[in-house]
Amino acid sequence: MLSEFLQAEMHRLGSQDPLPLHRQLYEALRRAMLDGKLATSDRLPSSRDLAQDLNLSRNTVVAAINQLSVEGYLTSRVGSGTYVSDSVPRARNRGAAPLRQTGLAPVPAGRLSARGEVLATQFSASALEVQPFTPGIADFSAFPLSLWQRLQNKHWRMTYPDMLDYNASGGYAPLRRAIADYLRVSRSVQLDADQVIVTTSTQQSLELCARLLADHGDTVWIEDPAYWGAAKAFMATGLIASPVPVDQAGIRPEDANPAQPPRLIYVTPSHQYPTGAVMSLPRRQQLLDAARRHSAWVLEDDYDSEYRFSGPPLSSLEGLDTDGRVLYMGTFSKVLYPGIKLAYLVVPKPLVESFRQAHYDLNRPGNMPMQAALAEFIDMGHFSSALRSARKSYAERRAALLEALRPVLGKDTYISGAEQGLHLCLRLPTGTDDRALAHRLAQQGLTVRPLSAYCLRRQDLRGLIIGYGYAPLSEIERCGPMLAAAVRGQPTRR
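Residues numbered from 1 in each chain as written. Predicted model: local features only at pLDDT ≥ 70, side-chain atom pairs only at ≥ 80, totals over all residues. Heavy atoms only, no water.

(A) Expanded view of the environment of glutamine 444. Relative to the assigned elements, glutamine 444 resides in the loop between helix 14 (434–443) and strand 13 (449–450). A relative accessible area of 38% places glutamine 444 in the partly exposed class. Taking the C-alpha atoms as reference, glutamine 444 lies 8.6 Å from methionine 482; in sequence the two are 38 residues apart. Not counting residues up to four positions away in its chain, the partners in contact with glutamine 444 are Met482 and Ala486. (Helix = DSSP H or I, 4+ residues; strand = E, 2+ residues; numbered from the N terminus. Buried < 20%, exposed > 50% of the residue type's maximum accessible area, 1.4 Å probe, protein only. Contact = heavy atoms within 4.5 Å.)

Have a look at this one:
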């Protein structure tokens, strides 16, 4: 009966819109889950059986199933098969009662699109409180607020009328020059100031790249495990995510699905999120060769490159690029404060005018007085001073966290990604239930995130993502032993 429904649905989709066969099957399976024809925990037929029943190639079936797994509709159980995920909205499953949340007005049926439902429910961190060890959060309590307010007030008083308008030049020119000077010296990025586009966030930079460099249905290679924000940005722009495994040397292009050549390749080479792996030079060259071979664009997210605590500074991937295929992005949120909402995107010279125009048309950029204040903040040396102070403070917190975790380290429990950034990854044995462990820590007031929650396709990784940027040194010294004690008594999967 499932095969008959899928055939009918694919025929309907094919007659309305000439979608590729793997996309027709993806849509038909997704509709079967959302309409309740496939319920939570139902087991799918094997890809071989589906291919035979639907008269499709097995590659077509595998591509559709992989995409549904990436988006959270399906989950694989080693040795057992592929099942409908528990995260598929229960109200759409047969026999399930609508979910009710006390104190909240009911959401009208059909208000969100199917994509909107996934974006609103998958990979969501909004409910997490900022507590000790929350990853991805910087300490902005030491930011020189009084100085910053004086600079902002100065530029508000001096503001010309055109500074209050939208901006079509890619950003405030002195700020773009300051960013270019900083990246040339500290990150070995090859650029002119004209190549810098000032955005509000890395998310906006990613969405701009996705919209301008890829079409709906194109493939993007994404690291597995992956940064949630990137996965959502690509999902929202209609791209098909193809997970590529990460090891201690970074992304492994040779393990990518050959049936899904990329249009975009998204990487965090200096400090992979969440594992912390640093991409080796041979792997960087391999990745650039793959991009050249597939005529793909590489999106380099250098999100916390400012904080390196051991070993020599790392050059950017863009600095190795000789073909103009790498777009480099960074943010000020990790050095200054999250609410500043200023980031930057460096694009190859042939793309500059197109990106400026599209950025203006799609995003209506502005906030020029804030950009002017930041440009002066950098030019006067305050940015470098704030960065030096932050590095010293984070280095002390990192050392305290490593010392607290030292008693639990062993052959199968080890730390990765502690050389750089504001988080580390405590790797745990494969049989560990890292989600249950993270939940147990949350009950003690400690927010960490399970490594398995970041995995898109692979099932072999277990661990805890532990941030030390937000927690004061005294809190790390107090809570570190609590964290270690919980890891000693870690639950395992049955």
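Anyway, onward from the coordinates.
(B) View of the packing of helix 3 (residues 47–54) against helix 4 (residues 58–70). Running from N to C, helix 3 and helix 4 cross one another at 120 degrees; their axes reach a closest spacing of 9 Å. Classified by the angle between their axes, helix 3 and helix 4 sit oblique to one another. For helix 3 against helix 4, the interelement crossing comes out right-handed. Here helix 3 contributes Ser47, Arg48, Leu50 and Ala51 to the contact with helix 4, which in turn contributes Arg58, Val61, Val62 and Ile65. Taken together, the residues of the contact of helix 3 with helix 4 break down into five nonpolar, one polar and two charged. (Axes fitted to C-alpha atoms, helices over the stretch in contact; angles between N-to-C directions. Parallel < 35°, antiparallel > 145°, perpendicular 65-115°, else oblique. Left-handed = near helix turned anticlockwise from the far one by under 90°. Nonpolar A, V, L, I, M, F, W, Y, C, P; charged D, E, K, R; others polar.)

(C) Broad picture of the environment of glutamate 475. Relative to the elements of secondary structure, glutamate 475 occurs in helix 15 (residues 473–488). Along the primary structure glutamate 475 and arginine 397 are separated by 78 residues, whereas in three dimensions their C-alpha atoms are 9.4 Å apart. There is a polar contact of 3.1 Å between the side chain of glutamate 475 and the side chain of arginine 478. (Polar contact = N/O pair within 3.5 Å; in protein donor to acceptor, adjacent residues only side chain to side chain.)

(D) View of the confidence of the model for the protein chain. On average, residues of the protein chain carry a pLDDT of 85, and 89% of them reach 70 or more. Here residues 91–107 is a poorly scored stretch, pLDDT under 50, and it has 20 contacts once near neighbours within four places are set aside; other chains count. Across residues 126–130, confidence stays below pLDDT 50; counting only partners more than four residues off in sequence or on other chains, it has six contacts. (pLDDT = per-residue confidence, 0-100.)

(E) Just the environment of histidine 216, in detail. Among the structural elements, histidine 216 can be located in the loop between helix 8 (202–213) and strand 4 (219–224). Distance from histidine 216 to phenylalanine 234, taken between C-alpha atoms, is 9.9 Å for residues 18 residues apart in sequence. Ignoring sequence-local partners within four residues, the contact set of histidine 216 consists of Arg23, Arg115, Thr237 and Gly238.

(F) Structural view of the pattern of salt bridges. With the rule as written, the count across this model stands at 22 salt bridges. For aspartate 35, the salt bridge is made with arginine 31, and the minimal N-O distance between the two is 3.3 Å. Looking at aspartate 35, the relative accessible area reads 41%, which means it is partly exposed. Here arginine 31 falls in the partly exposed class, since its relative accessible area comes to 26%. A salt bridge links arginine 176 to aspartate 194; the nearest nitrogen and oxygen atoms lie 3.8 Å apart. Taken together, the positions of arginine 176 in helix 7 (residues 173–187) and aspartate 194 in the loop between helix 7 and strand 3 (196–199) put the pair 18 residues apart, joining distant regions of the chain. Here aspartate 194 falls in the partly exposed class, since its relative accessible area comes to 48%. Among the ionic contacts, a cluster of salt bridges with common partners joins Asp247, Arg252, Glu254, Asp255 and Arg283. (Salt bridge = Lys/Arg side-chain N within 4 Å of Asp/Glu carboxyl O.)

(G) Structural view of the packing of aromatic side chains. Summed over all chains, the structure comprises eleven aromatic pairs. When the ring of tyrosine 227 is compared with that of tyrosine 273, the centres are 6.0 Å apart and the planes differ by 85 degrees; the resulting orientation is edge-to-face. Separated by 46 residues along the polypeptide, tyrosine 227 in the loop between strand 4 and helix 9 (228–236) and tyrosine 273 in the loop between strand 7 (264–267) and helix 10 (281–294) bring together distant segments of the chain. Given the relative accessible area of 8%, tyrosine 273 is considered buried. Look at phenylalanine 332 and tyrosine 344: their rings are 5.5 Å apart centre to centre, the planes differ by 65 degrees, and that puts the pair in the edge-to-face class. Of this pair, phenylalanine 332 sits in the loop between strand 9 (326–331) and strand 10 (343–346) while tyrosine 344 sits in strand 10, placing them twelve residues apart in sequence. Residue classification places phenylalanine 332 among the buried residues on the basis of a relative accessible area of 5%. Taken together, the ring pairs connect Tyr227, Trp228, Tyr273, Tyr303 and Tyr454 into an aromatic cluster. When the ring centre of tyrosine 83 is taken as reference, the NZ or CZ atom of arginine 77 above it lies at 3.9 Å. (Phe/Tyr/Trp six-rings, centres within 6.5 Å; stacked < 30°, edge-to-face > 60°. Lys NZ or Arg CZ within 6 Å of the ring centre and 35° of its normal.)

(H) Seen up close, the sheet that holds strand 6 (residues 250–251). The eight strands lie next to each other as 3-10-9-8-7-4-5-6, forming an open sheet whose pairing is mixed. Two strands lie at the open edges of the sheet, namely strand 3 and strand 6, each paired on one side alone. In this fold helix 8 packs onto strand 3, strand 7, strand 8 (297–301), strand 9 and strand 10, with an angle of close to 160 degrees to the strand it touches most, strand 9. (Pairing = 2+ DSSP bridges.)

(I) A look at the pairing of strand 4. In terms of residue burial, strand 4 counts as a mostly covered element, since six of its six residues are buried. Across the two faces of strand 4 the burial is the same, with Thr219, Trp221 and Glu223 and Val220, Ile222 and Asp224 all buried. Bridge count for strand 4 against strand 5 (residues 240–247) is six bridges, and the pairing is parallel. The residue of strand 5 that forms the bridge with tryptophan 221 is serine 242. Assessed by its sense of winding, the connection that carries the chain from strand 4 through helix 9 to strand 5 is right-handed. (Right-handed = clockwise from strand over helix to strand, strands pointing away.)

(J) Looking closely at the side chain of asparagine 167. Secondary-structure assignment places asparagine 167 in the loop between helix 6 (145–158) and helix 7. On the accessibility criterion, asparagine 167 (14% relative accessible area) is buried. Polar contacts involving the side chain of asparagine 167 include one to the main-chain amide nitrogen of glycine 170, which spans 3.5 Å.

(K) Focus on helix 15. Spanning 16 residues, helix 15 covers 23 Å between terminal C-alpha atoms, matching the ideal 22 Å at 1.5 Å per step. Along its length, helix 15 reaches its greatest deviation from straightness, about 35 degrees, at cysteine 479, and the proline proline 481 lies no more than four positions downstream. Taken together, the buried positions of helix 15 are occupied by Ile476, Cys479, Gly480, Leu483, Ala484, Ala486 and Val487. Residues of helix 15 that are buried in the fold lie against helix 13 (382–405), strand 12 (423–427), helix 14 and strand 14 (463–467). (Expected span 1.5 Å × (residues − 1). Bend = angle between axes of the 7 residues up to and from the residue.)

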